[in-house]
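Coordinate analysis (summary)
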Amino acid sequence: MPRLYRTPRLHRTIAAGLSVLLLVSCARSGVDRPPADVATAAAEGDVVTTGTRVGAPGTPQQPDREAVTDYAASPPPPPPPPPPPPPPPPPPPPPSAYALASPIVVTGSNMRAKIAVPDLRQYPPAYHDEGRDRFTATAQNPFKLVRDEPVSTFSIDVDTASYAFVRASLNRGALPQPAAVRTEELVNYFPYAYAAPTSTAQPFSTNVAVFPSPWNAGRKLVRIGIRGYDVQRSSRPRANLVFLIDTSGSMNEPNKLPLVKQSLNMLLDSLDGDDSVAIVTYAGYAGTALAPTPASQKARIRAVIDSLGAGGGTAGAEGIRQAYTLAEQNLDPHGVNRVILATDGDFNIGITNQEELKGYIERERGKGVFLSVLGFGMGNYNDALMQTLAQNGNGTAAYIDTVNEARKTLVDEASSTLFTIAKDVKIQVEFNPAAVAEYRLIGYETRMLNREDFNNDRVDAGDVGSGQTVTALYEVTPVGGPRTVDGLRYGNHGPAIAARCADCGTGGELGFVKIRYKLPKSDTSRLISTPINRTVEYATFAAAPQDARFATGVAAFAELLRGGKYNGSMSYDDVLRIATASRGEDGFGYRSEFIQMVRAAKSAGAMASLER
């Protein structure tokens, strides 16, 4: 009997113990991670079912051995009440770009929602401005009568911003607005094979050619080309550079700040180790991102450039002030001191008036710090302001629309971009009224000077960099040729013309070219001159020098984009014929690219379509 009595009791004890262990196990089986991880799981989008909690929240539940023993000695407790029904699910959210790609998959106690990556092709691109590009409109130079105004004076221009902007417009399938086209900048985009000067004592060589006009029978073109002395890398001066970078909200586009970073990194590769680089940025306010640092510390400089982001307003004037201050604090009296501004030109905080900025930069350039401008982006590009800054800062203006353009400007032509061999360069041409009835300067409308400005060393003009070439074209009507302005019935200027040409010999000279320039560290100009005589004249356009013919084709294309007022019957097909026949050596492919631009212009629309 005792044996029989103990056996059922033992069975009950074992059954009760197993029941408790099963309950504890079931309570734990509903939690697949510690409670502390539940919030994390919820934040990750998991739906976690935890069952009934035992003990204080957040405390892992362990079986209590004593409790099990006591429980085994007593009758089994009543089963726990059923849990309350779960609350109703929330209403589904409205459909969005991030809708579920598939139904919820339930596995054990976790329910995961598979989230689809949206197809961004279904949605419009980020907002950017359209149609707010600003240019200064100027009328084309007209023909002038030699008897009334025999002297033409202008400042040289080596900027290339207009060419790159025209290319960017055509690549979008639209013709550029006429004000964006500056003929001389298209012509001077290309290097020409003019003979190089032999020393810095006279840093220019001149090259003159006269040949028939391809668009107006009976008229001639006078090509004046100059080339600057090419400073060798081993002898070039030290560079003290301040990168002034626009980081405002308007720069938050792929062809703006990201391209700025690529461009400045390329320029960094062109510098020598003892050159100096500093970085100033501006958005809602301006600040120094990098104090003057040797260019040998490329990793440190790149880290600052690569860390830049865009957002906020555009306190450009304050950025310019701080950049000049930083350059002057690190001034090298024997080196090149230059601020390089990278922007879309949208100043909207602080000083925004062009005349105020012009006056400030004019005063600063007298301290030996020059300013160059790199323009980026379309839709809100302020070319008018950038031209004002560059022209008055003794610097150049370029427009960077592609990585290849950045490489051309800042790597292939780094010496000409950074190292000036002459400043305040002016050209004056006097035409011989015994040989020329009319003339017209093609382009350079924003660079015209008064006749008396030529000898005035206080008047600012353009600069020429190491190895740069500059080209100017005049269209002239010889005496007896097809004039644009009829002669006067009662104006007999024969005796006056004869008196003024007493020293012209037999009248064989068409004119006389004078060039004034200053060496970079000098305030006194020097003069070089050359005649335009019959020895440089070619009987046919086909016989003219190859570079002269190509420059003529580029000029004709630019004038057509501006309306073609003086181009006669010239067409894009005529430009293609001229450019193709005179392309010549084209190691970098610039001239081939130009030919493709002309083809694009034939089918381009008058206005860019709105991007969607």
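Worth saying up front: this structure is predicted, and the values here are computed from it rather than measured. Per chain, the residues get numbers from 1 upward, laid out in the order the sequence is written. The predicted nature of this model means local features are confined to residues of pLDDT at least 70 and side-chain atom pairs, given and counted, to a pLDDT of 80 or more, with totals for whole chains, interfaces and linings taken over all residues. Values shown for side chains rest on all heavy atoms present in the structure; no hydrogens or waters enter the calculation.

Where helices and strands are cited, they refer to DSSP runs of H or I of at least four residues and of E of at least two residues respectively, numbered from the N terminus. Looking only at helices and strands, the chain has 16 helices and 19 strands in total. Of the contacts made within the chain by residues no fewer than 6 positions apart, 79% connect residues no fewer than 24 positions apart. Carbon and sulfur atoms provide 55% of the accessible area of the chain, an area that totals close to 29800 Å². Contact criterion: two residues are considered in contact whenever any of their non-hydrogen atoms come within 4.5 Å of each other. Exposure was quantified through the Shrake-Rupley algorithm and a 1.4 Å probe, taking into account, for residues, occlusion by the shown protein chains and nothing else.

Phi at D424 takes a positive value of approximately 50 degrees, unusual for a residue other than glycine. Relative to the elements of secondary structure, D424 occurs in strand β14 (residues 420-431). We classify D424 as buried; its relative accessible area is 7%. Positive phi values are uncommon outside glycine, yet Y444 reaches one of about 65 degrees. With respect to the secondary-structure elements, Y444 resides in the loop between β15 (436-442) and β16 (462-465). Categorising residues by exposure relies on relative accessible area from a 1.4 Å probe, with only protein chains included: less than 20% of the type maximum marks a residue as buried, more than 50% marks it as exposed, and the intermediate range marks it as partly exposed. The class of Y444 is buried, set by a relative accessible area of 1%.

Overall, the predicted model of the chain reaches an average pLDDT of 81, with 74% of residues at or above 70. Values of pLDDT, the confidence the predictor places in each residue, fall between 0 and 100. Here residues 1-7 scores under 50 on pLDDT; set against residues more than four positions off or in separate chains, the count is zero contacts.

Moving on, we get to the pairing of β16. Of the two faces of β16, the one holding G462 and V464 and the one holding D463 and G465 are both buried throughout. Alignment of β14 against β16, held across three bridges, turns out to be antiparallel. Across the sheet, residue A422 finds its bridge partner in β16, namely V464. DSSP calls a pair of strands paired once it identifies at least 2 bridges connecting them.

Along helix α15 (residues 572-581), the residues that are buried comprise V575, L576, I578 and A579. Taken together, the buried residues of α15 touch α14 (546-561) and α16 (590-603).

Tracing the chain through its elements places S416 in helix α12 (residues 414-418). Any pair of N or O atoms that falls within 3.5 Å is considered a polar contact. Within protein, one atom must be able to donate a hydrogen and the other to accept it, and sequence-neighbouring residues count only if both atoms are side-chain atoms. At 2.9 Å, the side chain of S416 forms a polar contact with the backbone oxygen of E413. Apart from residues no more than four positions distant in its own chain, S416 is found in contact with G465, S466 and Q468.

Turning our attention to the sheet that holds strand β7 (residues 220-228). The strand order across the open sheet built from five strands is β4-β15-β17-β7-β6, with neighbouring strands paired in antiparallel fashion. Looking at the sheet topology across the chains shown, the edges are occupied by β4 (144-145) and β6 (204-212). In the sheet, β15 pairs with strand β17 (residues 469-478) via six bridges, with the strands oriented antiparallel. Looking at β17, one finds that Y439 is bridged to V476. Here an angle of 0 to 180 degrees is reported between the N-to-C directions of two axes, which are lines fitted to C-alpha atoms, with helices fitted over the stretch in contact. Sitting on the sheet, α14 is in contact with β6, β7, β15 and β17, with an inclination near 80 degrees to β17.

The subject of this paragraph is the packing of helix α6 (residues 257-269) against helix α7 (residues 298-306). In contact at an axis separation of 10 Å, α6 and α7 are set at 165 degrees when each is read in the N-to-C sense. Judged by the inter-axis angle, α6 sits roughly antiparallel to α7. Handedness of the crossing formed by α6 with α7: right-handed. Facing α6, whose interface residues are K261, L264, N265, L268 and D269, α7 presents K298, I301, R302, I305 and D306. Convention used here: angles under 35 degrees read as roughly parallel, angles over 145 as roughly antiparallel, angles from 65 to 115 as roughly perpendicular, and any remaining angle as oblique. With the far helix as reference, a near helix turned anticlockwise by less than a right angle produces a left-handed crossing, and one turned clockwise produces a right-handed crossing.

Our next topic: the sheet that holds strand β8 (residues 239-246). Taken together, the six strands give an open sheet; going across it, the order is β10-β9-β8-β11-β12-β13, and neighbouring strands pair in mixed fashion. The outermost strands of the open sheet, each flanked by one partner alone, are β10 (286-294) and β13 (397-399). Pairs of neighbouring strands in the sheet enclose a mean axial angle of 15 degrees, with direction left out of account. The pairing of β8 with strand β11 (residues 336-343) spans seven bridges and is parallel. Paired with N240 across the bridge in β11 is N337. Lying over the sheet, α6 contacts β8, β9 (276-282) and β11, oriented at roughly 170 degrees with respect to β8. With respect to the sheet, α7 is in contact with β8, β9 and β10, its orientation differing from that of β10 by roughly 160 degrees.

We now examine the pattern of salt bridges. Counted as salt bridges are all cases of a side-chain nitrogen of Lys or Arg within 4 Å of a carboxyl oxygen of Asp or Glu. Here the structure, examined in full by the defined rule, presents 32 salt bridges. Ionic pairing is found between R238 and D332, a salt bridge with its closest N-O pair at 3.3 Å. Taken as a pair, R238 in the loop between β7 and β8 and D332 in the loop between α8 (316-329) and β11 lie far apart in primary sequence, 94 residues in all. The class for D332 is buried, based on a relative accessible area of 15%. One salt-bridge network, in which partners are shared between bridges, spans R219, R440, E445, E475, E559 and R562.

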